[in-house]
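# Coordinate analysis (summary)
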Amino acid sequence: MGDMTVSATEDEFLLRRKAAAEKYRPAKVRLLLVAEAPPCTTSRHFYFEDVREQDSLFRYVCKGVTGSVSARERKADDLARLRDAGAYLIEASEDPIADNAKVRLTPAQLAALPARCAALKPEAVVLIKSNVFDLAYPALKEAGLNVVDVRMPFPGSGQQKKFETLFAQALEQAGFRA
């Protein structure tokens, strides 16, 4: 019975994430960002409007794309700015991945990623996190997608400055201007 509760919570979290992401999906995806996975904490996600802590991916992406990030209370406005700029984020895994997981992304998730990306018809794709780049870049390139050849860390655990620099290079390589 405990498993059913966990499953229901996971399903609810997935539905909340999908609804939140859909609200901010641009009509034309100019820049597709592919991160590794949603956070394990069900109160946090890139597209959730009320995230009070540990929202570094959103904050650094927003800063890189729009040039600024407003107060947390105005995250919905910033999400709308990203949408209006044509930027959209998906995760390679639709399921959260524990930090201590031995397998980060499964072969099935990686096999499905090129079609998921292509369906959005992005002008350019930027891969966020080194392992996502290492695992997904070849298949996305082979699928004919315009994948930016910049390998960057996730903007956390002291990697924020490195992310900012490499994300700016990726946007420049993609020819992306908000």
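See the structure above.
The structure reproduced in this document is the subject of the present report. (Residues numbered from 1 in each chain as written. Predicted model: local features only at pLDDT ≥ 70, side-chain atom pairs only at ≥ 80, totals over all residues. Heavy atoms only, no water.)

### Considering the pairing of strand E3 (residues 124-127)
Consecutive residues of a regular strand have side chains that alternate between opposite faces of the sheet. Along E3, one buried face is formed by Ala 124 and Val 126 and the opposite face, lined by Val 125 and Leu 127, is buried too. The pairing of strand E1 (residues 31-35) with E3 spans four bridges and is classified as parallel. Bridging from a neighbouring strand, Leu 31 pairs with Ala 124 of E3. (Buried < 20%, exposed > 50% of the residue type's maximum accessible area, 1.4 Å probe, protein only. Helix = DSSP H or I, 4+ residues; strand = E, 2+ residues; numbered from the N terminus. Pairing = 2+ DSSP bridges.)

### Points about the packing of helix H2 (residues 56-66) against helix H6 (residues 160-174)
Between H2 and H6, whose axes approach to 10 Å, the crossing angle comes to 40 degrees. Taken together, H2 and H6 sit at an angle that is classed as oblique. Every pair of crossing elements has a handedness; the one defined by H2 and H6 is right-handed. Between H2 and H6, the contacting residues are Tyr 60, Val 61, Lys 63, Gly 64 and Val 65 on the first element and Gln 160, Phe 163, Glu 164, Phe 167 and Leu 171 on the second. (Axes fitted to C-alpha atoms, helices over the stretch in contact; angles between N-to-C directions. Parallel < 35°, antiparallel > 145°, perpendicular 65-115°, else oblique. Left-handed = near helix turned anticlockwise from the far one by under 90°. Contact = heavy atoms within 4.5 Å.)

### Description of the sheet that holds E3
Read from one edge of the open sheet, three strands run E2-E1-E3, paired in parallel fashion. Across the chains shown, the open sheet's two edge strands, defined by having one partner strand only, are strand E2 (87-91) and E3. Across the sheet, the mean angle from the axis of one strand to that of its neighbour is 25 degrees, orientation sign disregarded. Strand direction decides the pairing type here: E1 and E2, joined by five bridges, are parallel. Bridging from a neighbouring strand, Ala 35 pairs with Glu 91 of E2. Running at roughly 155 degrees to E3, helix H5 (residues 130-142) makes contact with E1 and E3 of the sheet.

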